[in-house]
Amino acid sequence: MKLRRADWDAATKVIPDGVQTMSKMPNRYVDGVYPTFIESGDGPYVIDPGGVKYVDYPLGLGTILLGHNNRIVKAYMQQQMNVGILYPLPCRKERVLAEEIMKIIPSMEMVRFVKTGSESCSAAVRIARAATGREHIVACGYHGWHDWYAASCDRNKGVPKCLQSLITKCDYNDIEGFKKAITDKTAAVIMEPYMFDAPQNNFLEEVEKLTHEKGAILIFDETITALRSKHGTAQMMFNVKSDLTVFGKAMGNGMPISCVGGKKELMQELEDKPNGCFVSSTFGGEMISIAAALGVLKVYGEGNVPERIWGTGEQIKKFFNQTALQMKLDAKCVGYPCRTRFDFPTAAHKSLFWQECLRKGVLFGHAQFVSSAHDVTAINITQDAINHGMTVLRQYWEKPEDALDGEVTVETLRQKETHELRVETTHKRTGAKGKAMAADLSGVASDNT
Ligand SMILES: Cc1ncc(COP(=O)(O)O)c(C=O)c1O
């Protein structure tokens, strides 16, 4: 513990908050109990500096689709490393990757590669503004840290205030709210096609229809859902179509690569012309990530990846909910099997459950992903951990803080911005042992991504 603290103190002296992504801050887990650092990853596991191995569910914030160090992806990357990383002219593999992506999602007729979800969302928004000559954006979901979107967040210091009038947020499944938000000044609607809730009353079809009636561009932000959804993407799963689509996270199995793609006439906005619009990035043609993505799509094309992921996710979800029911606990695993969330009455309940699961070798976070490397052994470890976690939780249900050896977790910016954390139950927290920044999960509390 002392070593952990010393390392952490040293990190926070040279890196703001010690992290590159706010959702990796210790207070997003159970600070004092969880490892602060991870040293390596292997298949479905991550290993901390002390050599302790955990079944990994945050999975690189949703990037690790095929497990850590997938053999085939690694081989593609290694082959590329032998022949260079970044060239002065394009490489033919960029075209091959674009063609492979278009096989997954036929609505993409052209593709531009960038590095992050924030970048590809910004690129999509810029294309839509260029194509429509309009500026206003309607957003539903989380779309990264760039100014156009951050203007709509509470944490927007440093973002020009003038951008606030150019974006309106709406809630998922709130079609009446959406109708108020969209106008004939709307350039684009950008939306995560699903998060945890299922679309209701033809929400996606209605959004598609209304967006086009207003002459706006529909962008599906599939940063999370691409390659994890049944049939490859959310739009294939729900049989709806966007004009532009954003891929990210899982595309490189941890390597930094994302893309925006869509209708040819929209994507052609990016072609070089006087007074045109541009998205141009030095590292957009970085070949190790492109090779990694080709490796991902090779495995993806051969291995029923979404089916395997959904099967595993469903198994864990069912086990969690059945165990909660048997033990008469007010706890629920919600969401589609490829990305689930545990709902508890308070953050303290959730933290105690996480703490006990960690002690049994399972690292849970605010959202659970699964990888195709999560095998029977990993699932068995997970089920044992859930059983143990709930047994302890049962015992300390009235006062979970009494058994908590660390701090109560706080929610992430993503959760706050997308209202992901809605809990139906109305239990009250009954005290606080740790300093408990105590995001009471029945409301919107803390922030950060
Ligand atoms: C749906 C969605 N869009 C965009 C982003 C931003 O991606 P990045 O963090 O790679 O910039 C995220 C990140 O979590 C996301 O979940």
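Note that residues are indexed from 1 along each chain, following the sequence as it is written. Only residues with pLDDT of at least 70 get local features here, since the model is predicted, and only at 80 or more are side-chain atom pairs given and counted; chain-wide, interface and lining totals rely on the full set of residues.

Engineer: Outline the confidence of the model for the protein, listing residues and values.
Structural biologist: Per-residue confidence for the protein gives a mean pLDDT of 92; residues scoring 70 or more make up 93%. In the model, residues 423-449 has pLDDT below 50 throughout and makes 73 contacts with residues more than four positions away in sequence or in other chains. Scored from 0 to 100, pLDDT records how confident the predictor is in each individual residue. Contacts are defined on C-beta atoms placed from the backbone: any two residues whose C-beta positions lie within 7 Å are in contact.

Engineer: Can you explain the sheet that holds strand S13 (residues 362-363)? Please cite residues and give values.
Structural biologist: Sheet strands pair via backbone hydrogen bonds, and the direction of the pair is either parallel or antiparallel. If you trace the 4 strands from one edge of the open sheet to the other, you get S1-S2-S3-S13, paired in mixed fashion. Strand pairing shows two members of the sheet lacking a second neighbour, strand S1 (40-42) and S13, which therefore form its edges. Of the strand pairs in this sheet, strand S3 (residues 53-56) and S13 are connected by 2 bridges, and their pairing is parallel. Each residue of the ladder has a partner; that of Asp56, found in S13, is Leu363. Pairing between strands is defined by DSSP: at least two bridges between them are needed. Per the convention used, a helix needs a DSSP run of H or I reaching at least four residues, while a strand needs a run of E reaching at least two, with both numbered from the N terminus.

Engineer: Run through the site of the ligand, naming residues and quoting values.
Structural biologist: Throughout this description, a residue near a molecule or strand is one whose C-beta atom, derived from the backbone, lies within 6 Å of it. Close to the ligand lie 14 residues, the nearest being Thr116, Gly117, Ser118, Gly144 and Thr223. Among the elements that take part in the shell around the ligand, helix H5 (residues 117-132) stands out by supplying 3 residues, more than any other. Grouping the amino acids of the shell around the ligand by side-chain chemistry returns 3 nonpolar, 8 polar and 3 charged. Residue polarity follows a fixed list, in which Ala, Val, Leu, Ile, Met, Phe, Trp, Tyr, Cys and Pro are nonpolar, Asp, Glu, Lys and Arg are charged, and the others, Gly among them, are polar.

Engineer: So what's going on with the nonpolar core? Residues and values would help.
Structural biologist: The term nonpolar core refers to a group of buried residues, namely Ala, Val, Leu, Ile, Met, Phe, Trp, Tyr and Cys, whose C-beta atoms join them within 7 Å. For every residue, the other C-beta atoms within 10 Å of its own C-beta are counted; 20 or more classify it as buried, 12 or fewer as exposed, and values in between as partly exposed. C-beta atoms are placed from the backbone. Core analysis: the biggest nonpolar cluster contains 116 residues, and Ala124 and Ile219 have the highest contact counts within it. Considering each element in turn, this core owes the most residues, 9 residues, to helix H11 (residues 287-302). For Ala124, the contacting residues outside a window of four places in its chain are Ile190, Ile219, Leu244, Val246 and Val260.

Engineer: Talk me through the environment of Arg228; I want residue IDs and the actual numbers.
Structural biologist: Positionally, Arg228 belongs in the loop between strand S8 (217-222) and helix H9 (234-238). In this structure the C-alpha to C-alpha distance between Arg228 and Gly41, which are 187 residues apart in sequence, comes to 20 Å. Discounting residues that sit within four places of it in the chain, Arg228 has contacts with Leu65, Ala250, Pro306, Ile309, Cys338 and Arg339.

Engineer: Lay out the domain arrangement of the protein with the relevant residues and their values.
Structural biologist: Each domain's limits were defined by an automated method or a database of domain assignments. Per the domain assignment, the segments making up the protein are domain 1 (2-68 + 305-418) and domain 2 (86-285). Taking only C-alpha atoms into account, the centre of domain 1 sits 29 Å from that of domain 2. If you look at the interface, domain 1 gives 19 residues, while domain 2 gives 17 residues. Taken together, the elements giving at least two residues each to the side of domain 1 that touches domain 2 come down to helix H2 (59-62), helix H12 (305-326), strand S12 (339-343) and helix H15 (413-418).

Engineer: Give me the lowdown on the packing of helix H3 (residues 71-81) against H11, citing residues and values where you can.
Structural biologist: In this description, a line fitted to the C-alpha atoms serves as the axis of each element, helices being fitted only across the stretch in contact, and the angle between N-to-C directions of two axes falls anywhere from 0 to 180 degrees. Across the interface, H3 lies against H11 with an axial gap of 8 Å and an inter-helix angle of 150°. In terms of orientation, H3 and H11 fall into the roughly antiparallel class. Once H3 is placed against H11, the crossing between them reads as right-handed. Taken together, the residues of H11 that come into contact with H3 (itself represented by Ile72, Val73, Ala75, Tyr76, Met77, Gln79, Gln80 and Met81) are Met287, Ile288, Ala291, Ala292, Leu294, Gly295, Val296, Lys298 and Val299. Classifying every residue of the contact of H3 with H11 gives 13 nonpolar, 3 polar and 1 charged. Throughout, the term roughly parallel applies to angles under 35 degrees, roughly antiparallel to angles over 145, roughly perpendicular to angles from 65 to 115, and oblique to all others. Put simply, a crossing is left-handed when the front helix is turned counterclockwise from the back one by less than a right angle, and right-handed when it is turned clockwise.

Engineer: How would you explain the environment of Ala293 if you had to name every residue and give the values?
Structural biologist: One can find Ala293 in helix H11. Sequence-wise, Ala293 and Thr245 are 48 residues apart; in three dimensions their C-alpha atoms are separated by 17 Å.

Engineer: Break down H11 for me, with residues and values.
Structural biologist: Multiplying one less than the number of residues by 1.5 Å gives the expected span of a helix. In a regular helix each residue adds 1.5 Å, so 16 residues correspond to 22 Å; H11 covers 23 Å between its end C-alpha atoms and thus fits that length. The inward-facing, buried residues of H11 contact H3, helix H4 (92-104), strand S4 (110-114) and H12. Of the residues one or two after H11, Asn304 is the one with positive phi, at around 50°.

Engineer: Outline the sheet that holds strand S14 (residues 368-369), supporting the account with residue identities and numerical values.
Structural biologist: Taken in spatial order, the 3 strands of this open sheet run S11-S12-S14, and their pairing is antiparallel. For this open sheet the edge positions go to strand S11 (332-334) and S14, each flanked by a neighbour on one side alone. Strand direction decides the pairing type here: S12 and S14, joined by 2 bridges, are antiparallel. By the bridge assignment for S14, Thr340 is matched with Gln368. Of the strands in this sheet, S11 and S12 touch H12, which is tilted by about 155° from S11.

Engineer: Explain the packing of H12 against helix H14 (residues 376-395) to me, using residue names and the numbers behind them.
Structural biologist: The interhelical angle for the contact between H12 and H14, taken along N-to-C directions, is 20°, at an axis separation of 10 Å. Our classification of the angle between H12 and H14 gives roughly parallel. For the pair H12 and H14, the crossing hand works out as right-handed. For the pair formed by H12 and H14, the contact residues are Thr312, Gln315, Ile316, Phe319, Phe320, Thr323 and Ala324 on the first element and Ile379, Thr382, Gln383, Ile386, Asn387 and Met390 on the second. Residue classes in the contact of H12 with H14 are distributed as 7 nonpolar, 6 polar and no charged.

Engineer: Tell me about unusual backbone geometry, residues and numbers included.
Structural biologist: With a phi close to 55°, Asn69 is a non-glycine residue in the positive phi region. Classification of Asn69 as partly exposed rests on a count of 15 C-beta atoms within 10 Å. Even without being a glycine, Asn173 presents a positive backbone phi close to 75°. Locating Asn173 in the fold gives a position in the loop between strand S6 (167-169) and helix H7 (175-181). The class of Asn173 is partly exposed, set by 16 C-beta atoms lying within 10 Å.

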